[in-house]
Amino acid sequence: MAKEDNYTKDGTVDYQGNPANRKTTGTWKACPFIIGNEFCERLSYYGMSSNLVLYFKKRLHQHSATATKNNSDWSGTCYITPLIGAFVADAYLGRFWTIACFSSIYVMGMTLLAMSASVPGLKPKCYSENDCHPTEGQSAVCFIALYLIALGTGGIKPCVSSYGADQFDEADEDEKRQKSSFFSWFYLSINVGALIAGSVLVWVQNNVSWGWGFGIPAMAMAIAVVSFFSGTRLYRNQKPGGSPLTRICQVMVASFRKYSVKVPADKSLLYETADAESNIKGSRKLDHTKDLGFLDKAAVELQTDHLKGSVDPWMLCTVTQVEELKSVIRLLPIWATGIIFAAVYSQMGNLFVLQGETMDARVGNSNFKIPSASLSIFDTLSVIFWVPIYDIIIVPVTRKFTGLSSGITQLQRMGIGFFISIFAMLSAAILELRRLRMVRRDNLYDAKLVPISIFWLVPQYFLIGCAEVFTFIGQLEFFYQQAPDAMRSMCSALSLTTVALGNYLSSLLVTIVTSITARHGKPGWIPDNLNYGHIDYFFWLLAALSVLNLMAFLLISNWYTYKRPVGTLR
């Protein structure tokens, strides 16, 4: 079993009084097993999901809009369930056992999905490539498997990046710098897995069978579990700090109960434990901050708070507990701005794939055709290109001007990503405009393919990848650093819900656009035959929303107040 470590008064990990543990656990000695787990899990996830919209359309016989909506809904759920896993990790099991338990559910779902695509009776009966007739039961088995996967991934996503960061001691300057690099290389491992999935596994699905196409990801997930357990003796663990939701509710109830109480001008009079350590397991004490002053009422001591000897946490809370809630509230506006970006990002698995299906997929003059879903490898290659560029070149150069160890702040990093994502949507819209002009000019409305190379999609994938390196990695590190110590899994899950809500927003926009534009016999913006549609209008819409979102983000970033652990400068 992994070693149990506790936070000491200054926020560093207590190695159980044994100095040898500090040298033999954590840091990059433990991280290869965590990164190996993430690589295999992402290979499994993307190997199964990259082509899912086409599986819905071709094997489950769904229309384009329906397949896109179902794919968005499922993808969104995969980023909502982390709230469940995060709560379990922070309140009860800790990150190690949460990852271990939910991984088993994940493997079950992947196995069932592979069986639904390969076992006679479970897989749909097909008479040709595009002529399949699944029964309701067969469709149900597929979706049960997918939502088991969604539940399983919910225990891994919010915990694994935080668990990796836990292996570095924030009080050690050298380890602190290593932790900043960890997030970049962690995200790189995700994209190497996605690269293999988007190329090799998508090709297997299109040219060998869906059974093997889903079976190989199932085996990859089993390897992920083995990789994770292989590093057990090297991990540094933090004990769960109890239910974060209970602590949040206690602050809210106590502040409302004392709504008429005046907060003292001298904030040192607010209630805090006399001990050097916080009374919350796994958490450092936090300094008082000036904003959201109403919540400070929960920490105002009255004589009645001590009548029964022990303090009632529903009447009186510590400053640290109040600051926990403040930290979460301050994160919410930043969190909300990630939703539009996630809606843009989700197009790689939806409209970008359908757009590519209408284009010439031949590589050069050969007969080899690249599946449209495989173009996601260019997003991955973009990430693989930009991560080392950012870590090795951009950070050292900007550090000379800013004096920050990270070069630029995480908020600045996210803002740059938002800006780049606008150009990804502009690129997609301009390409579709050009494709539709060719359709009208040559009367190709009923043609299966338009004579324009699928590789014209590469710029929009490359721009999305570049935006990811700035936004998603910045978001990972920002939510980890600004989260209260005992709520890091929960706040990591919160950051992931932007992807869920981005998928749901994309699904909602598709539904609204279809209902408005497909009236009175009109094909609408997103018909089954895109040659009659206008998905360029949809891309223009997302570009406009992205501009508004960037403006909102800039305003919110200027307002943001950073948390301050006791004893730190900031």
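Residues numbered from 1 in each chain as written. Predicted model: local features only at pLDDT ≥ 70, side-chain atom pairs only at ≥ 80, totals over all residues. Heavy atoms only, no water.

### Section: the packing of aromatic side chains
- Enumeration according to the criterion identifies 39 aromatic pairs in this entry.
- Ring geometry for tryptophan 28 versus phenylalanine 168: centroids 5.8 Å apart, planes at 70°, classification edge-to-face. Of this pair, tryptophan 28 sits in helix 2 (residues 27-49) while phenylalanine 168 is found in the loop between helix 6 (136-165) and helix 7 (173-207), placing the two residues 140 residues apart along the sequence.
- Overall, the relative accessible area of 4% leaves phenylalanine 168 in the buried class.
- Centre to centre, the rings of phenylalanine 352 and tyrosine 461 are 5.3 Å apart; their planes meet at 70°, and the pair counts as edge-to-face. Residue phenylalanine 352 is found in helix 11 (residues 351-357), and its partner tyrosine 461 is found in helix 14 (residues 458-482); the two are separated by 109 residues along the sequence. Neither residue differs from the other here; phenylalanine 352 and tyrosine 461 are each classed as buried. (Phe/Tyr/Trp six-rings, centres within 6.5 Å; stacked < 30°, edge-to-face > 60°. Helix = DSSP H or I, 4+ residues; strand = E, 2+ residues; numbered from the N terminus. Buried < 20%, exposed > 50% of the residue type's maximum accessible area, 1.4 Å probe, protein only.)

### Considerations on a nonpolar patch on the surface
- Together, Trp203, Val208, Trp212, Met219, Val363 and Phe368 make up a nonpolar patch on the protein surface, roughly 610 Å² of accessible area in all.
- Within the secondary structure, tryptophan 203 is located in helix 7.
- On the basis of relative accessibility, which here comes to 37%, the residue tryptophan 203 falls in the partly exposed class. (Patch = residues over 30% accessible without salt bridge, like charges linked within 9 Å, V, L, I, M, F, W, Y side chains within 5 Å. Areas by Shrake-Rupley, 256 points an atom, 1.4 Å probe, with all protein chains shown as cover. Salt bridge = Lys/Arg side-chain N within 4 Å of Asp/Glu carboxyl O.)

### Quick look at the environment of leucine 463
- When you line up the elements, leucine 463 lands in helix 14.
- C-alpha of leucine 463 to C-alpha of leucine 426: the two residues are 37 residues apart in sequence and 10 Å apart in space.

### Focus on the state of the cysteines
- Across all of its chains, the model carries zero disulfides by this definition.
- In this structure cysteine 40 is not part of a disulfide, and its nearest cysteine sulfur, from cysteine 31, lies 16 Å away. (Disulfide = S-S within 2.5 Å.)

### Observations regarding unusual backbone geometry
- Positive phi, close to 55°, is recorded for leucine 292, a residue that is not glycine.
- Along the chain, the position of leucine 292 falls in the loop between helix 9 (244-257) and helix 10 (319-345).
- Residue leucine 292 is classed as partly exposed on the basis of its relative accessible area of 30%.
- We note that asparagine 443 has phi near 55°; this positive angle belongs to a residue other than glycine.
- Looking at where asparagine 443 falls in the secondary structure, it is placed in the loop between helix 13 (410-442) and strand 7 (450-453).

### Some points on the nonpolar core
- Ranked by internal contacts, the top residues of the largest apolar core, which has 152 residues, are Met48, Tyr55, Trp74, Leu146, Phe214 and Phe478.
- Among all residues touching leucine 146, those that are not within four sequence positions of it are Met48, Leu52, Phe56, Trp74 and Leu113. (Core = buried A, V, L, I, M, F, W, Y, C linked by side-chain atoms within 4.5 Å. Contact = heavy atoms within 4.5 Å.)

### Some details on the side chain of arginine 413
- Note that arginine 413 resides in helix 13.
- For the buried arginine 413, which has no salt bridge, the nearest side chain bearing the opposite charge is glutamate 477, at an N-O separation of 4.5 Å.
- A polar atom in the side chain of arginine 413 sits 3.0 Å from the backbone oxygen of valine 469.
- Setting aside residues up to four positions removed in sequence, arginine 413 forms contacts with Ser184, Tyr390, Ile408, Val469, Phe470, Thr471, Ile473, Gly474 and Glu477. (Lys, Arg positive; Asp, Glu negative; His and termini not counted. Polar contact = N/O pair within 3.5 Å; in protein donor to acceptor, adjacent residues only side chain to side chain.)

### A word on the domain arrangement of the protein chain
- The domain architecture assigned to the protein chain consists of domain 1 (9-242), domain 2 (244-322) and domain 3 (323-561).
- Computed from C-alpha atoms alone, the centre-to-centre distance between domain 1 and domain 2 is 38 Å. (Domains from an automatic or database assignment.)

### So, the packing of helix 15 (residues 488-517) against helix 16 (residues 535-559)
- Direction vectors running N to C along helix 15 and helix 16 enclose 130°, while the axes themselves pass 12 Å from each other. By the angle between their directions, the pair helix 15 and helix 16 is classed as oblique. Helix 15 and helix 16 meet at a crossing whose hand is right-handed. Along the contact surface, helix 15 presents Ser506, Leu509, Val510 and Val513, while helix 16 presents Phe538, Leu541, Leu542 and Leu545.
- Looking at the contact of helix 15 with helix 16 residue by residue, the classes come out as seven nonpolar, one polar and no charged. (Axes fitted to C-alpha atoms, helices over the stretch in contact; angles between N-to-C directions. Parallel < 35°, antiparallel > 145°, perpendicular 65-115°, else oblique. Left-handed = near helix turned anticlockwise from the far one by under 90°. Nonpolar A, V, L, I, M, F, W, Y, C, P; charged D, E, K, R; others polar.)

### Thoughts on empty space enclosed by the protein
- By the definition in use, this model includes three cavities of 30 Å³ or more.
- Looking at the largest cavity, its volume works out to about 400 Å³.
- The wall of the largest cavity is formed by 25 residues, among which Tyr46, Ser49, Tyr345, Met348 and Gly349 lie closest to the centre.
- When residues of the lining of the largest cavity are assigned to their parent elements, the largest contribution, four residues, is made by helix 7.
- Of the residues that make up the lining of the largest cavity, three or more belong to each of domain 1 (9-242) and domain 3 (323-561).
- If you list the elements that add at least two residues to the lining of the second largest cavity, you get helix 2, helix 6, helix 7, helix 14 and helix 15.
- Taken together, the residues that form the lining of the second largest cavity break down as 12 nonpolar, four polar and four charged.
- Here the lining of the second largest cavity spans two domains, since at least three of its residues come from each of domain 1 (9-242) and domain 3 (323-561). (1 Å grid on protein atoms, 1.4 Å probe; cavity = no way out; pocket = protein on both sides within 12 Å on 5 of 7 lines; lining within 4 Å. Points joined across faces, edges and corners; volume = space filled by probe spheres on them.)

### Focus: helix 10
- For helix 10, with 27 residues, the first-to-last C-alpha span of 39 Å sits near the 39 Å given by 1.5 Å per residue.
- Within helix 10, the axis deviates most sharply at leucine 332, by approximately 30°, and proline proline 333 lies no more than four positions further along.
- In terms of burial, helix 10 is a largely internal element, 23 of the 27 residues being buried. (Expected span 1.5 Å × (residues − 1). Bend = angle between axes of the 7 residues up to and from the residue.)

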